[in-house]
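Understanding the architecture of this molecule
Each chain, written out:
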2 protein chains.
Amino acid sequence: MKASDLGERGIIDLIWSVYKSKVGEEKMRSMPLPPPDDASAVPLPDGRYLVLKADMFVKRTDAPPRMRHYQMGAKSVVMNISDLAAKGASPIAFLFSLGVPANYGASQLRQLMGGIVSATEEYGAPLLGGDVGESRDLVIAGFAAGISRSLIKRSGAKPGDILATTGSFGETAAAYKILLEGKEAPPALRKALCRSVFCPRARLREGVRLAESGAITSSMDSSDGLAFTLWELSRSSGVGFRIDHVPVAKKAGEFAKLHSLVPLDLALYGGEEYEIVFTVRPSMWEEATKAAGGRLIRLGVAVEGNSVFINQEGKEFPVADRGWEHLRRA
Amino acid sequence: MKASDLGERGIIDLIWSVYKSKVGEEKMRSMPLPPPDDASAVPLPDGRYLVLKADMFVKRTDAPPRMRHYQMGAKSVVMNISDLAAKGASPIAFLFSLGVPANYGASQLRQLMGGIVSATEEYGAPLLGGDVGESRDLVIAGFAAGISRSLIKRSGAKPGDILATTGSFGETAAAYKILLEGKEAPPALRKALCRSVFCPRARLREGVRLAESGAITSSMDSSDGLAFTLWELSRSSGVGFRIDHVPVAKKAGEFAKLHSLVPLDLALYGGEEYEIVFTVRPSMWEEATKAAGGRLIRLGVAVEGNSVFINQEGKEFPVADRGWEHLRRA
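If you're wondering where the values come from, they're calculated on a predicted model, not measured in any experiment.

It takes a turn of 180° to lay chain A on chain B, together with a shift of 0.0 Å along the axis; the resulting RMSD is 0.0 Å. Such a combination of rotation and displacement between the chain copies is what one expects of a two-fold axis. Taken as a fraction of all interface residues of chain A, those also at the interface in chain B reach 99%, which identifies the copy contact as same-surface.

Here you go:
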């Protein structure tokens, strides 16, 4: 059995099975944010939580062709900040370990660092330190620490809660079709779509304010794809979801039309989109909308059961339980 | 200019030069533990410090032949804990990002995880989370968080302070000569020496107690080699060091004798030895010894000036300013 047979999620399962056999499942369940939540947490004496996240960017698998080194640096920060955001944590530190190939150029390194520094400044995550070693792949292993007053888990959704998100979906899936499959698009559309992959942004302000509003019951970032995110929230909370509306990004819709693709597929089965997907107490929708700056999108509602399905004119269509995964050779 | 021309320390200098040009030198100097200290720190509201460390283990460059995967996992923890220890911080969390080759075996992965879990348990550093991705090299990017009541920097040594350490040196340098250069040694000696590289231990208890004793003025772990550590403490504190005694490990001495090597060279110019090297207020030597469990070794004394030299029967011999460095093609 090899890593590529297990896939990323199989490896993560193996990791925690070793942990459980040596340390015990109870200790794992007693964590403030037990795996597989977006991040980890440690209670602080003042009642708040230290939220910690490790997320790694490997150029060979995570950078599509034509991504600049500045953008790789910035994205390695965004990936980590987005998970803090989904847990309602404000960043207090960013560190990274950098694996560089021996022939990596100093000017590329300077650009990469420029991206890391700019993104940490943008999100108010002080860059405090790092480590450097040699590896054949360019590897940026980012590590973010944040503080949360009100930790939002993946597991708090109740039937009746409103399912919502901070933005629309599908641009990155379209961009990957351009960048990896060579699909065509007019220059302006192409540029806008590729920007979603090259220059993603984390919903930090929205995440922190939503958590502090007291209106939300579960939360997760959508970086592994919308469909996978919905299924994860469903599994963690023990609820199902009826989806009444999938917000397809306008430009993803244009791209789908050009190539006769199903817009819904682009929106559901993409990845690397850093929106926050969460559930809202039905009585507090107004508060949640206000917390998110007036821009909440209603996806549907949490229901009894354990399935995720789209409701279209009274008919139910299943949402497939799949998403982006490293190391998976499908 | 390539990474291998810059070397690890050149890359780190480049990283901080980008930071300084974008953020400003003042912000860097105002950090509780400014680079290049062993770790980074964030003040907590209760007066203590959150201490954070990122240190990466890459199998291809950091694992000598015959190192087991269990040992690699454990060492990736020890590397990080040792830096917390040198700053007087008790661990509260360990996370890691794992880069695995597609053909990495599940049983090796299980052993690797066993090492990570055992070491985190041994040092009381709760394993809270991780990330998995694909890379051509096996990469373990560890992240440790700890809490310190009394942060010990590299920069606090004053002339007259006693220079001390927690153990003897030279075993790892001898082990690398066996493992990398094929030098011979009787089985028992060989085994004991290789153990220093395969199964290092961090001086966590000593580091935390020394910091809390109030007796020490500067501190650093010796993982880049004793000579380099002495020079770093000298540079950071703006003092010189007169070395009166270099503690050569007994087995390193035996090995040196076998191969007509200079024992002092093994002790000074090795690396991957996780002792703590620190300076003690002269009036508090007893307190420091007690804090370290009675096992302090006196190396010498901090003096005016900026050089590190060995004092032998009244004659002075310079200590070379060199140590282990990644990516350096010398």
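This part takes up the interface of chain A and chain B. Contact with chain A, which involves 72 residues of that partner, is made by 71 residues of chain B. Surface buried jointly by chain A and chain B totals about 6300 Å² across both partners, of which 69% is contributed by carbon and sulfur atoms. If you sort the residues of chain A by the area they bury against chain B, Leu128(A), Glu134(A) and Arg136(A) come out on top, with a joint share of 11%. There are 5 salt bridges connecting chain A and chain B. Among the secondary structure elements, those contributing two or more residues to the side of chain A that touches chain B are helix H1 (3-23), strand E1 (40-43), strand E2 (49-58), helix H3 (59-62), strand E3 (90-100), helix H5 (106-122), strand E4 (127-134) and strand E5 (139-148) of chain A. Sort the elements by how many residues they give to the side of chain A that touches chain B and H1(A) lands first, with 13 residues. When the residues that make up the side of chain A that touches chain B are grouped by side-chain class, the tally is 41 nonpolar, 15 polar and 16 charged.

Below, the discussion takes up the sheet that holds strand E7 (residues 216-221) of chain A. Residue and element names in this part refer to chain A. Taken in spatial order, the 7 strands of this open sheet run E7-E9-E6-E10-E8-E11-E12, and their pairing is mixed. One side of each edge strand has no neighbouring strand; the edge strands of this open sheet are E7 and strand E12 (315-318). Along the sheet, successive strands turn relative to each other by an average axial angle of 30°, direction set aside. In terms of strand pairing, strand E6 (residues 162-165) meets strand E9 (residues 276-280) through 4 bridges, oriented antiparallel. Within E9, the residue paired with Leu163 across the bridge is Thr279. The sheet strands contacting helix H4 (residues 69-86) are E7 and E9, and the helix crosses E7 at an angle near 170°.

This part takes up H4(A). Residues and elements named next belong to chain A. Relative to the 26 Å expected for 18 residues at 1.5 Å per residue, H4 spans 26 Å between its end C-alpha atoms, a close match to the ideal helical length. With 17 of its 18 residues buried, H4 lies for the most part within the structure. The first or second residue beyond H4 is Gly88, which carries a positive phi of 75°.

This part takes up the nonpolar core. Leu50(A), Val100(A), Leu50(B) and Val100(B) are the most contacted members of the largest nonpolar core, which has 202 residues in total. Non-local contacts of Leu50(B), meaning those with residues more than four positions away in its chain, are made with Leu50(A), Ile92(A), Ser40(B), Ala41(B), Val42(B), Leu44(B), Ile92(B), Ala145(B), Gly146(B) and Ile147(B). In this structure, Ala157(A), Phe228(A), Trp231(A) and Leu299(A) belong to the second largest nonpolar core, which totals 23 residues.

Our focus in this paragraph is the sheet that holds strand E6 (residues 162-165) of chain B. Residues and elements named next belong to chain B. Strand order in the open sheet made by the 7 strands is E7-E9-E6-E10-E8-E11-E12, with mixed pairing throughout. Where the open sheet ends on each side, the last strands, each with one partner, are strand E7 (216-221) and strand E12 (315-318). Between one strand and the next, the sheet's axes are offset by a mean angle of 30°, whatever the strand orientation. Sheet strands touched by helix H9 (residues 226-237): E6, E7, strand E8 (240-243), strand E9 (276-280), strand E10 (297-303) and strand E11 (308-312). Its angle to E7, the strand with the most contacts, is close to 140°.

This part covers the confidence of the model for chain A. When pLDDT is averaged across chain A, the result is 96; 99% of the residues are at 70 or more. Here the complex is predicted with pTM 0.97, and the ipTM for its interfaces comes to 0.96.

About the criteria used
Residues numbered from 1 in each chain as written. Chains lettered and ligands numbered in written order. Predicted model: local features only at pLDDT ≥ 70, side-chain atom pairs only at ≥ 80, totals over all residues. Heavy atoms only, no water. Least-squares fit on C-alpha atoms with pLDDT ≥ 70 in both. Contact = heavy atoms within 4.5 Å. Buried area = accessible area lost by both parts, 1.4 Å probe. Salt bridge = Lys/Arg side-chain N within 4 Å of Asp/Glu carboxyl O. Helix = DSSP H or I, 4+ residues; strand = E, 2+ residues; numbered from the N terminus. Nonpolar A, V, L, I, M, F, W, Y, C, P; charged D, E, K, R; others polar. Pairing = 2+ DSSP bridges. Axes fitted to C-alpha atoms, helices over the stretch in contact; angles between N-to-C directions. Expected span 1.5 Å × (residues − 1). Buried < 20%, exposed > 50% of the residue type's maximum accessible area, 1.4 Å probe, protein only. Core = buried A, V, L, I, M, F, W, Y, C linked by side-chain atoms within 4.5 Å. pLDDT = per-residue confidence, 0-100.

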